[in-house]
Each structure stands twice: as C-alpha cells, then as structure tokens.
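Residues per chain, in single letters:
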Amino acid sequence: MTDGPPLANHPMGRPADAIPMVEAVGVHKAYGRLEVLKGIDLRVERGAVLCLIGPSGSGKSTFLRCINHLEKIDGGALSVDGELVGYRQSGDRLYELKDREVCDKRAEIGMVFQRFNLFPHLSVLDNIVSGPVWVRKAPGPDSKERARQLLDRVGLADKVDAYPNQLSGGQQQRVAIARALAMDPKLMLFDEPTSALDPELVGDVLDVMRALADEGMTMIVVTHEIGFAREVGDTVVFMDGGVVVEQGDPTEVLTNPRHERTRSFLAKVL
Amino acid sequence: MTTTDADSSGERAGRPEPIRAVPVRHPGRWVAAGIIVVLLAQLVNWAVTNPALKWNVVGKYLFNSSILQGVQRTIMLTIIAMVMGIVLGILLAVMRLSANPIVSGAAWVYIWLFRGTPVIVQLVFWYSIPAVLQSISLGIPFGPGWLITDDPKTIITQLVAVCLGLGLNEAAYMAEIARGGILSVDEGQVEAASALGMPRLLTMRRIVLPQAMRVIIPPTGNETISMLKTTSLVSAIAVTELFQSTQNISNSNYEVVPLLLVASIWYLFFTSVLTVGQYYVERHYARGAARALPPTPLQKLRAAVRRDPVRTAPALAEVPWVAPHD
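A short tour of the structure in this document, coming up.

About the cut-offs
- Residues numbered from 1 in each chain as written.
- Chains lettered and ligands numbered in written order.
- Predicted model: local features only at pLDDT ≥ 70, side-chain atom pairs only at ≥ 80, totals over all residues.
- Heavy atoms only, no water.
- Helix = DSSP H or I, 4+ residues; strand = E, 2+ residues; numbered from the N terminus.
- Rg over C-alpha atoms; globule rule 2.2 N^0.38 Å.
- Buried < 20%, exposed > 50% of the residue type's maximum accessible area, 1.4 Å probe, protein only.
- Contact = heavy atoms within 4.5 Å.
- Areas by Shrake-Rupley, 256 points an atom, 1.4 Å probe, with all protein chains shown as cover.
- Lys, Arg positive; Asp, Glu negative; His and termini not counted.
- Charge placed at Lys NZ, Arg CZ, Asp CG, Glu CD.
- Disulfide = S-S within 2.5 Å.
- Polar contact = N/O pair within 3.5 Å; in protein donor to acceptor, adjacent residues only side chain to side chain.

**Topic: the overall build of chain A**
Stage number 1. Helix and strand counts for chain A stand at nine helices and twelve strands.
Stage number 2. Whereas a compact globule of 270 residues would reach a radius of gyration of roughly 18 Å, chain A reaches 18 Å, a difference of no more than 12%.
Stage number 3. Judged by the C-alpha coordinates and their principal axes, chain A covers about 50 × 50 × 45 Å.
Stage number 4. Split into buried and exposed, the 270 residues of chain A put 54% on the buried side.
Stage number 5. A separation of at least 24 residues holds for 65% of the contacts in chain A among residues at least 6 apart in sequence.
Stage number 6. Element-wise, carbon and sulfur atoms account for 47% of the exposed surface of chain A, whose accessible area totals about 11800 Å².
Stage number 7. Within chain A, one finds 32 positive and 39 negative side-chain charges whose respective centroids are separated by 5 Å.

Okay, here's the thing in structure tokens:
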C-alpha cells in the first residue's frame, strides 16, 4: 500500500503538483426536499485512486456525477485541478460557466457508467473516436489509429468493427473505458463499473482498471468490489446517508473500521 | 439417441436422431383457408367478368398523358410536403423539449393549432390568404422594412398555398412523432455524450436522433403513405393532381368507375413502392439494435431457390454507415 500520493508519473517541480486533482469542501446537493449530499469533504491527490463505498442511496454516485457537473451542487465548493466545477470566480463573485465551457471541462474528465452507455448505433471503433473527432475535431485517421491502440490495451483488438450489442457486458465496459481514455483525461470517474456484469466478467474489467491505476491515472471509483478497493485504492471513503462516515487507508478502513455503521456495512458485503 | 459433448463434438460426432412423432392436425386452419380462397375466387371472377368495370377503358387511360402529369404532380406534392413536414417537425419536437418555456410553449401552440383544424380548411385558408394580406415585406419588427411585394398573389401562388397547407399541417404530426422518438432514447446516451464533452446540439444530431430514427421511421412511412392520398384534397383549390386529372376525364366521358380504378392503381403502385422503401430504411436504422439484420426479401428468395436454410444478413460491419469523421 502506498502511504502518500504517487507522483512519479507527473511532471515534477511545478507548483500545480501541490494542488489536489479533486477537492470538495462542504458539498451539498438536494433533489427538491430530499437532501442527498449533506456536506462532503474530500481530497483526491494527483495519481491517487479513491474508492467510494457505501450502501445504495448513500450519495456516492451523486457525488461522482457532481465532479463532472452532470449534477449541479447546491452548496459548498468543488474544484477539479484547482478550478471550480461549473463556476468561474472573479473577485468574490461566482459566475456560472457557459454550456461550451462546461463541455470543455467535461472533455478532460473521463467517465465510465454502470450501464456502459455505449452508443449502440456506432461500431466499437466509432464509439471510441466519437469524442476525439466530434468534440476535439481531431483528424479521423489519427484518432482511429489511437483507438485501435486503446482497444488493444483493453484486450479487444479483434472487436474493432463489432457493434456494442454483439459484445458481452464485460467487453462493452472495456470499450467504454477505451472511449473515455481516447479523450486523454486527467481524471477518470467510475460509477459502479462492474455492478451490471456477470460475476465471471468482472475480473477483466478490474484488470484494465488496475493497469490504469498502475500507470498513474487519477481515479475515483464508486464500487462494491471491496477486494479491488483494498488492493488498488490509495484511499477508501465510506459514505452513508449523504455524509462521509469514514475515510483513510484501505487496509485500515476495511479491516479496522472505527465506526459502527462502516462495520455493519462491511459485515454485509464481505 | 446419443449424447455428445456439444463443444468438442464438431463434425465428426454423429447427430442425435431426429424425433419421430405424428404432428398435430389443424382442421380449423384448413376450413378457414378454404373459405377465404373461395371468396377470393368469387371476387376475382366478378372483377374480371363484369363488363361495367370496363378494363379496356382502364387500360386506355392508365398511361394517358394528362393522367401521367397528374401522377407527377401528386409525387411532387408528396415529396415537398413530407420534406417540409419532417424538417419542421423535428425542429418543433426539439423546441417542445426545450428548457425555455416560451420556446416549448410556441411549439405546443403550433401543434395545437395545426393538428386541431382540418387540412382542407388549412388548404383553403392558404389559398385565400393573398386576399387578406395587403403586402409582404421583410424588416425589423414594428420598425422599418423593405417591401417585397404589394401583390401577395405573385408569391403565394396556388402551388405555394398547397405546399404550405400540406407541409405545415404535416409538421404538426411529425413533431409529435419525432418527440416520441427522441424521448424513446435512453437517458444514459445523453449522459455518456455529455461526459465526453459533447454540446447539446451535437448530442442531438449525432447520438439521439440517429437512435430515435428507429422509432420515428415506421410512423413516418405511414404519414408518407397517408400524405400521398391526402394530396387528392388539393383538387378543392383547383390544383390538378392525379385524382383531379382522372375526374377531368370522367367528367367528359362519363366513365367514372374505370377512371377511379386508374387513380386507385396508381395510388396502390406508389404506396407499394413506399412500403418496400420503408422496409429498407428501417433495416438501415436497425443497425446496432438487432444482433443480426433480418434478411431482405431478395436474400430470402435466393436462399429458398438454393434450398439453403435462410441465412442471416451480412455482418453488421458490412453495412455502409456514416463514419464519425466528415
């Protein structure tokens, strides 16, 4: 287990290294009267892997979706790479970002969904180049070459021309990871990436994620895979009822939880 | 019966012997088929032998030059009205789903107005509108403008009135069809597109609409077939299309029924063409929705002739598709 954030894969000596990749201070979110997030404080360092665990309805996925502004926060402050999510600060005033600016920021953050959400009308290759070509206006041939490399990396080089529904769930999720990586994200968000998979397909997806973590990608993973959290996570955060109950080193939190709620949750899932 | 390992058996292991059993008889099916065949034979016999139908007259006028002109006019009106309807309809559907209440409200009012009044009323309205307008000009609202014409009849001709009447009415129906299609696309698709940084319009054009097409195409085919026949209403404002051209002839030679048959044959011919076209368009947009595309009738025929089992269609990857770069 690593004690601090591994910085080896990032350019050293820049002051930017001191800024965490994600910082949340008292983040609140409510749907009408239902308060989903009741003040979340979190820090994710560059190159670190943070695993979010907790019962369903605890607000883990909502928090994840706030980070790339798929959900708007109602209170507190959330920043990615030192810049506020969804707002620009000028003096002591906040200005909402324009749609275009929000899109530009999202393009730098990869996201992988529970239900894969591949584009079913596009081939695997076209799914992967959709971001670079349509959003970044990158030249087609280069993007396709890059997409092939990414597919090779997730072990699906032979599925270039397949359509998503011709693939198994595990294969689809690996294509979804390749699609997110094609945008060269500085941060990857995983929203329960293995929850919709048959048990025997989970391993392939986790392997890809593990390799990604080893390469120094900053990752936030909402997961029920306690084993993965223990092995790959630099930090584990246990959420319940919209608050962070406990966070810290995975071995610490997962084997010696300090809170009763963490203990009872782990007793059920382990 | 021999049991074989399904994975490793391959060609060499013998297949289990087929089950021999007496099939269930279906006497009811045979009776029903018999009744229908007899009725059909009666109908054909009546149609062929009845001198009142005058098939020789039908044959004489089927390719008459004024009928062919009417056919041409009908096709043209159908195409213009449907293109207007589809383009405007998709625009209205997107407007109705807009977050801006004025924009979605405007689309709602449009649909309410054009769906709520009969086409024939709208046709006559557009035909008579030059009488209500004094002039047509382009300019700043309530401010200065440039006069385009002080005789609106020169712009809103009979044909323009017809296109407006049919096209604007169709847009109201197409808007609801397109809205249904857009709503049928899984929300996760928009989320995935947003997460990649796609702006809203790009998401609509590249991700949502192509998938909505699967739901939009069948009712649109229906609308096109319906439009083909609705064009016959424009005879009310003295535009000569297929139906009116047959009427013109039967008004002078009193062969009413044979000329109605001429019109019907042409309408049936084009609806058949549209039905076949719809099949192929649906098949095109089924890419990615079905694991393998259904075989085309031609492929089925070829398979039947060769006595092959019906094979699945070519691999999805072989179907040409707009690649994401353009």
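**Regarding the environment of B:S264**
Stage number 1. Looking at the element boundaries, B:S264 is found in helix α11 (residues 256-285).
Stage number 2. For the pair B:S264 and B:L242, spaced 22 residues apart in the sequence, the C-alpha separation amounts to 9.7 Å.

**Focus on the state of the cysteines**
Residues and elements named next belong to chain A.
Stage number 1. One pass over the structure, following the stated rule, counts zero disulfides over all chains.
Stage number 2. We note that C66 lacks a disulfide partner, and the nearest cysteine sulfur, in C103, lies 17 Å from it.
Stage number 3. Among the residues examined, C66 registers a relative accessible area of 1% and is labelled buried.
Stage number 4. We classify C103 as buried; its relative accessible area is 5%.

**Points about the side chain of A:R106**
Stage number 1. Relative to the helices and strands, A:R106 is located in helix α2 (residues 99-106).
Stage number 2. A polar contact is formed between the side chain of A:R106 and the backbone oxygen of A:N68, at a distance of 2.9 Å.
Stage number 3. Ignoring any residue separated from it by four or fewer positions in sequence, one finds A:R106 in contact with A:N68, A:H69, A:L70, B:S194, B:A195 and B:G197.

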